[in-house]
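# Examining the three-dimensional arrangement
Spelled out from the first residue to the last, the chains are:
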Amino acid sequence: MNINLLTELEAQSLNALIDNAENIVIFSHRSPDGDAIGSSLGMAAYLKQRGKKNVAVVVPDMFPNFLQWMPGADFILRYDKKKEEVEKTVSEADLMFCLDFNDASRTAEIEPFITESKAKKVLIDHHLDPNIDVEIKVSHPEACSTCELVFRIIWQLGGFDSMDKDVAVPIYCGMMTDTGGFTYNSNRPEIFFIISQLLTKGINKDKIYRNVFNNYSVWRLRLMGFVMYTKLNVFNEYHSSYFTLTRQDLKHFHFIKGDAEGLVNMPLQIKGMKLSISLREDTEKPNTIWVSLRSVDDFPCNKMAEQYFNGGGHLNAAGGHLYCSMDEAEMIVNKAIKEFKWQ
Ligand code: 5GP
Ligand code: MN
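Residues numbered from 1 in each chain as written. Chains lettered and ligands numbered in written order. Predicted model: local features only at pLDDT ≥ 70, side-chain atom pairs only at ≥ 80, totals over all residues. Heavy atoms only, no water.

## Comments concerning the coordination of the manganese ion (ligand 2)
Inclusion rule: Think of the donor list as every N, O and S atom within 2.8 Å of the metal, or within 3.2 Å for Na, K and Ca; water never makes the list, so a site can look incomplete. The secondary structure listing takes helices from DSSP runs of H or I that are at least 4 residues long and strands from runs of E that are at least 2 residues long, numbered from the N terminus. Note on classification: 1.4 Å probe, protein chains only; a residue is buried when its accessible area is under 20% of the maximum for its type, exposed when over 50%, partly exposed between these limits.
Distances from the manganese ion (ligand 2) to its protein donors, Asp-35 (OD), Asp-100 (OD), His-126 (NE2) and Asp-178 (OD), fall within 2.2 to 2.4 Å. Spacing between the donor residues of the manganese ion (ligand 2) along their common chain follows D-x64-D-x25-H-x51-D. Of this pair, Asp-100 sits in the loop between strand E4 (95–99) and helix H4 (111–115) while His-126 sits in the loop between strand E5 (120–125) and strand E6 (136–139), placing them 26 residues apart in sequence. For Asp-100, a relative accessible area of 2% puts it in the buried group.

Here it is in structure tokens:
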């Protein structure tokens with residue numbers, strides 16, 4: 001199967017950028033998910049295999065515990081923890097990779113390091129309409145994940161034969177998490193061709209699944225039960241639902257980063273449900289509500305996120321935020337569910 005992505009010229013330019021670079025920094029987005037961490041670690045491990053000595057992975061803030069097991073995760077630089085080290089590393093960079101985001105604002109406080117740097121930049125992403133000024137832009141919204149794109153680039157550059165588990169495991173992990181364990185956005189044959197190739201590298205996909213999806217505290221399960229039992233509002237006639245998570249709920253259930261992951265997908269298990277929305281109060285900033293949207297079929301979450309929640313994303317998975325109280329946020333969600341017309 002031909003899974004090459006780049007034109008001949010792009011492949012040559014990317015090879016030249018990598019060959020000529022001494023200090024490489026890989027960035028990903030705020031609240032990094034499996035695809036952000038997986039694509040960054042996979043790319044970093046590939047570049048190191050290619051003989052690049054100075055390769056750093058920088059993210060703005062914390063990532064969930066269930067991603068901590070990945071090879072290389074200990075070396076990720078979090079800007080919120082290591083400001084000076086990040087500033088030094090970034091100031092020395094001559095090549096930057098922007099992975100899994102289409103707009104520098106998705107990287108929060110590290111945005112100026114990307115936009116103001118004179119380093120050469122490469123963007124690899126699967127969100128719509130990227131608008132970062134870069135030398136090479138690999139933008140494929142149809143891809144299941146940025147990890148899929150990273151694999152295809154390494155493949156095209158001839159890096160597959162020498163690929164080891166440090167590359168294969170994070171890449172598989174990001175493809176798995178961005179598709180909910182290959183249950184959505186994962187119908188293209190290329191995905192399973194790639195998986196079959198990754199398996200030849202001796203990755204244990206069943207273990208990777210358990211490491212990610214069966215790695216919670218008992219509090220996460222109790223939180224899940226509580227939310228579905230007492231907090232879920234279902235609008236049958238609109239095939240929609242939403243739930244709220246207040247700061248008080250989070251405290252009560254000993255919330256740690258990642259505990260709310262995937263909860264928003266659960267209401268889609270209801271027969272006929274097309275849209276699920278979660279409203280989560282920030283644990284620190286007052287009047288800040290994080291909104292997540294998930295849908296099935298052709299319901300465009302991203303359009304709703306843009307119109308009502310200051311955000312965006314993909315057709316079936318999007319997010320945004322509201323700066324208001326939870327009561328006001330609930331009013332906005334009610335309005336969005338009842339008024340949104342996408343045809
Ligand atoms: P989540 O619900 O997991 O936070 O986000 C789901 C998807 O929505 C993310 O993969 C990302 O593509 C998109 N997304 C989340 N928040 C925002 C936002 O504020 N702006 C945009 N443009 N996309 C977002
Ligand atoms: Mn992604």
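## Looking at the site of ligand 1
Just so we agree on the cut-off: To be near a molecule or strand, a residue needs just one of its heavy atoms within 4 Å of it. We define a polar contact as two N or O atoms separated by no more than 3.5 Å, with the added condition that, inside protein, one atom must be a possible hydrogen donor and the other a possible acceptor, whereas residues neighbouring each other in sequence contribute only through side-chain atom pairs. Under the convention adopted here, Pro, Cys and the residues Ala, Val, Leu, Ile, Met, Phe, Trp and Tyr are nonpolar, Asp, Glu, Lys and Arg are charged, and Gly plus all remaining residues are polar.
Taken together, Arg-106, His-127, Ser-292, Arg-294, Gly-311, Gly-312, Gly-313, His-314, Ala-317, Ala-318, Gly-319 and Gly-320 make up the full set of residues near ligand 1. His-127 places a polar side-chain atom, nitrogen or oxygen, 2.7 Å from an oxygen atom of ligand 1. Within the side chain of His-314, an N or O atom sits 3.5 Å from an oxygen atom of ligand 1. Sorting the residues of the shell around ligand 1 by element identifies strand E10 (289–295), strand E11 (312–313) and strand E12 (317–322) as the ones contributing at least two each. With 4 residues, the single largest contributor to the shell around ligand 1 is E12. Looking at the shell around ligand 1 residue by residue, the class counts come to 2 nonpolar, 8 polar and 2 charged.

## As for the sheet that holds E12
For clarity, the threshold we go by: Two strands qualify as a pair provided DSSP detects at least 2 bridges between them. Residue contacts follow a heavy-atom distance rule, with two residues in contact if any of their heavy atoms lie within 4.5 Å. Angles run from 0 to 180 degrees between N-to-C directions of axes, and those axes are lines fitted to C-alpha atoms, restricted for helices to the stretch in contact.
With mixed pairing, the 6 strands of this open sheet are ordered in space as E7-E8-E9-E10-E12-E11. Two strands lie at the open edges of the sheet, namely strand E7 (232–235) and E11, each paired on one side alone. Where strand E8 (residues 240–245) and strand E9 (residues 275–281) come together, 6 bridges link them in parallel fashion. The residue of E9 that forms the bridge with Phe-243 is Ser-278. Seen against the sheet, helix H9 (residues 218–231) touches E7 and E8 and runs at an angle of roughly 125° to E8.

## Some thoughts on the environment of His-29
The topology assignment puts His-29 in the loop between strand E1 (23–27) and helix H2 (34–49). Put simply, His-29 and Asn-102 are 73 residues apart on the chain and 9.5 Å apart in space, counted from C-alpha to C-alpha. Once you skip the residues sitting within four places of it in the chain, His-29 turns out to touch Ala-36, Pro-60, Leu-99, Asp-100, Phe-101, Arg-106 and Thr-107. Among the polar contacts made by the side chain of His-29, one reaches the side chain of Asp-33 at a distance of 3.5 Å.

## Some words on the pairing of strand E2 (residues 54–59)
Here is the key point about a regular strand: its side chains alternate between the two faces of the sheet. Stated formally: A right-handed crossover is one whose linking path, passing over the helix from the first strand to the second, runs clockwise when the strands point away from the viewer.
The buried count for E2 comes to 5 of 6 residues, which makes it a mostly enclosed element. Note that E1 and E2 share 5 bridges and pair parallel. Paired with Phe-27 across the bridge in E2 is Val-58. After leaving E1, the chain enters H2 and then returns to the sheet as E2, a path that is right-handed.

## Concerning the nonpolar core
Here is the rule we go by: Only buried residues count toward a nonpolar core, which is a set of Ala, Val, Leu, Ile, Met, Phe, Trp, Tyr and Cys residues joined through side-chain atoms within 4.5 Å.
In terms of nonpolar packing, the biggest core is built from 61 residues, with Phe-97, Ile-124, Met-175 and Leu-198 touching the most fellow members. Sort the elements by how many residues they give to this core and helix H6 (residues 165–178) lands first, with 8 residues. Setting aside residues up to four positions removed in sequence, Phe-97 forms contacts with Leu-14, Ile-18, Ile-24, Val-25, Ile-26, Phe-27, Met-43, Leu-47, Val-122 and Ile-124. With 23 residues, the next largest nonpolar core counts Leu-279, Cys-301, Tyr-308 and Phe-309 among its residues.

## Re unusual backbone geometry
The phi dihedral of Phe-182 falls on the positive side, at around 60°, and the residue is not glycine. Looking at the element boundaries, Phe-182 is found in the loop between H6 and helix H7 (189–199). With a phi angle near 50°, Asn-185 is a residue other than glycine that sits in the positive phi range. Following the sequence through the fold, Asn-185 ends up in the loop between H6 and H7.

## With respect to the domain arrangement of the protein
One widely used convention gives an interface's size as the accessible area the parts lose upon coming together. The line we're drawing: The domain boundaries here were taken from an automatic or database domain assignment. Accessible-area loss on putting two parts together, using a 1.4 Å probe and summing over both, is the definition of buried area adopted here.
When cut into domains, the protein gives domain 1 (8–213) and domain 2 (218–339). Centre-to-centre, using C-alpha coordinates, domain 1 lies 27 Å away from domain 2. Contacts between the two partners involve 12 residues from domain 1 and, on the opposite side, 9 residues from domain 2. In total, about 820 Å² of surface goes out of reach between domain 1 and domain 2, with carbon and sulfur atoms giving 61% of it. Counting across the interface, domain 1 meets domain 2 through 2 residue pairs in polar contact (both at pLDDT 80 or more). Residues that form the side of domain 1 that touches domain 2 fall into these classes: 6 nonpolar, 4 polar and 2 charged.

## Examining the packing of aromatic side chains
Stated precisely, the cut-off is as follows: Here a pair means two rings of Phe, Tyr or Trp (six-membered ring of Trp) with centres within 6.5 Å. Their orientation is stacked below 30 degrees between planes, edge-to-face above 60, and tilted elsewhere.
If you walk through the whole model with that rule in mind, you get 15 aromatic pairs. With 5.8 Å between their ring centres and 70° between their planes, Phe-151 and Phe-160 make a pair best called edge-to-face. Just as Phe-151 is buried, Phe-160 falls in that class too. Taken together, a centroid distance of 5.9 Å and an interplanar angle of 55° make the contact between Phe-182 and Phe-192 tilted.

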